[in-house]
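Structural features, examined
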Amino acid sequence: MTAYKDLSREELLEIKSGLEAQFEEVKAKGLKLDMSRGKPSAEQLNLSMGMMDVLNSKADLICEDGVDCRNYGGLDGITEAKQLLADMMEVPRDNVIIFGNSSLNVMYDTVARAMTHGVMGSTPWCKLDKVKFLCPVPGYDRHFGITEHFGIEMINIPMTPTGPDMDLVEKYVNEDPAVKGIWCVPKYSNPQGITYSDETVYRFANLKPAAEDFRIFWDNAYCVHHLYEDKQDYLLEILMECKKAGNPDMVYKFASTSKISFPGSGIAAMAASEANLNDIRDMMKYQTIGHDKVNQLRHVRFFKDIHGIVEHMKKHADIMRPKFEAVIDVLERELGGLEIGSWIKPLGGYFISFDSLDGCAKAIVAKAKEAGLVMTGAGATYPYGKDPHDSNIRISPSYPTPEELSVAADIFVLSVKLVSIDKILESK
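Because the structure is a prediction, the values reported are computed rather than measured. (Residues numbered from 1 in each chain as written. Predicted model: local features only at pLDDT ≥ 70, side-chain atom pairs only at ≥ 80, totals over all residues. Heavy atoms only, no water.)

Our focus in this paragraph is the packing of aromatic side chains. If you walk through the whole model with that rule in mind, you get 16 aromatic pairs. Here Tyr 196 and Phe 204 contribute two aromatic rings whose centre-to-centre distance is 6.0 Å and whose plane-to-plane angle is 10°, an arrangement assigned as stacked. Look at Phe 204 and you get buried, because its relative accessible area is 0%. The ring of Phe 23 has Lys 367 lying over it, and the distance from NZ or CZ to the ring centre is 4.6 Å. The ring of Phe 351 carries Arg 394 above its face, with NZ or CZ at 4.6 Å from the centroid. (Phe/Tyr/Trp six-rings, centres within 6.5 Å; stacked < 30°, edge-to-face > 60°. Buried < 20%, exposed > 50% of the residue type's maximum accessible area, 1.4 Å probe, protein only. Lys NZ or Arg CZ within 6 Å of the ring centre and 35° of its normal.)

Taking a probe equal in size to a water molecule and rolling it over the atoms shows the remaining empty space. In this structure the tally under the stated criterion is four cavities of 30 Å³ or more. Considered as a void within the structure, the largest cavity measures approximately 90 Å³ in volume. For the largest cavity, the lining is made up of 13 residues, of which Pro 136, Gly 139, Tyr 140, Val 185 and Asn 190 are closest to its centre. When contributions to the lining of the largest cavity are tallied by element, the ones reaching two or more residues are helix H5 (141-149) and strand E6 (179-184). (1 Å grid on protein atoms, 1.4 Å probe; cavity = no way out; pocket = protein on both sides within 12 Å on 5 of 7 lines; lining within 4 Å. Points joined across faces, edges and corners; volume = space filled by probe spheres on them. Helix = DSSP H or I, 4+ residues; strand = E, 2+ residues; numbered from the N terminus.)

What follows deals with the sheet that holds strand E11 (residues 352-356). The three strands are arranged E10-E11-E13 in an open sheet whose pairing can be described as antiparallel. On the outer flanks of this sheet lie strand E10 (341-343) and strand E13 (392-395), each paired with one strand and no other. Recorded for the sheet is a direction-independent mean angle of 25° between the axes of neighbouring strands. Looking at chain direction, E10 and E11 are connected through three bridges and run antiparallel. (Pairing = 2+ DSSP bridges. Axes fitted to C-alpha atoms, helices over the stretch in contact; angles between N-to-C directions.)

A separate point is the pairing of E13. Here E13 shows no split at all, with Asn 392 and Arg 394 on one side and Ile 393 and Ile 395 on the other all buried. Where E11 and E13 come together, four bridges link them in antiparallel fashion. Of the residues in E13, the one forming a bridge with Ser 353 is Arg 394.

Taken as a whole, the largest pocket encloses approximately 490 Å³ of empty space. Together, 20 residues line the largest pocket, and Gly 38, Tyr 140, Arg 142, Ser 258 and Lys 259 are the ones closest to its centre. In terms of residue count, helix H4 (residues 103-117) provides more of the lining of the largest pocket than any other element does, three residues in total. For the lining of the largest pocket, the class distribution of residues is eight nonpolar, six polar and six charged. (Nonpolar A, V, L, I, M, F, W, Y, C, P; charged D, E, K, R; others polar.)

Below is the structure:
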């Protein structure tokens with residue numbers, strides 16, 4: 001196909017006229033489609049329904065080390081749940097604490113503790129003149145929401161095909177003591193689906209922070225969320241690399257079963273050094289006597305071990321893979337060669353990242369909504385909701401049915417074409 005920018009004004013107007021007629025036909029259908037968030041579909045949730053049957057009123061609720069899961073106790077979580085999540089996170093069991101159902105909750109609490117009480121004896125962040133976080137962009141809006149909520153200044157770090165721009169990361173972390181953390185989704189990143197290279201992980205582990213309480217917030221949310229059995233990204237394990245580099249306390253690693261079992265009632269975990277975990281335990285003991293051990297036991301009895309999780313996630317992939325491929329196929333078929341957008345074909349995760357012409361993302365999302373398709377708001381993948389190029393759009397293929405997704409993808413590319421033509425016409 002000929003790039004739109006190479007067409008004459010008359011040719012563009014003729015194409016636009018035909019597209020507008022298609023758009024009006026779609027609008028007349030009164031569709032209500034939602035591609036706004038990375039929620040598992042009902043079909044995916046059904047995969048875990050057997051979890052509801054592994055425990056009942058006659059079940060033995062005593063875990064391996066003799067703890068009665070119905071009673072108080074177990075601040076760290078039950079041993080077998082720690083082992084299950086440790087294997088998923090590729091860390092030793094003794095480096096893991098099991099929390100409640102949400103890793104986002106754990107990350108929020110971790111920032112809150114640092115704000116009110118500091119990190120391992122350092123000055124509480126709330127008593128400092130300035131606290132800054134580095135934010136790889138495009139990135140995860142809920143991460144940015146946490147730091148914005150606490151009034152922490154956020155600094156954009158551009159993503160590259162191998163992870164965040166590490167030259168910038170090293171400059172900020174090594175030179176500015178006000179930089180206290182960085183958000184990372186290192187495997188199948190949200191929204192681009194990029195996995196950090198070995199060199200990127202190595203450079204993270206070898207940072208020389210100006211702040212003694214600097215921490216890497218390593219949200220390995222998609223560590224087992226592959227789309228293909230024969231094509232999977234590999235991620236170097238950060239805790240071990242930090243330990244080898246002499247920085248054992250520099251990282252907090254987060255994960256959960258939120259998109260493995262049930263998002264509303266999964267289990268979440270943090271992995272960190274023993275010194276970090278002791279610091280966290282000292283404050284947790286005032287917050288809770290222990291999280292839901294019955295739910296932890298339910299997960300262990302259902303999955304049994306890491307091999308059970310791997311097999312379970314193959315079933316998720318069988319549902320997700322056709323959806324991702326359907327969207328990519330529409331993008332390639334309808335937009336390939338037009339030079340009005342670019343995208344990455346991920347091997348895992350939950351999103352497809354689309355970059356439009358500069359200044360078009362908000363208009364594309366608004367246009368799609370006009371036709372009955374709700375998408376994640378343009379700008380959401382940047383701190384403060386401000387995309388400096390107004391170009392990035394996060395596509396979430398997981399929740400719609402395959403039939404709905406086909407229609408949604410058509411509406412999206414139609415919206416991209418119409419908005420892009422108007423943008424190009426402005427310059428002719």
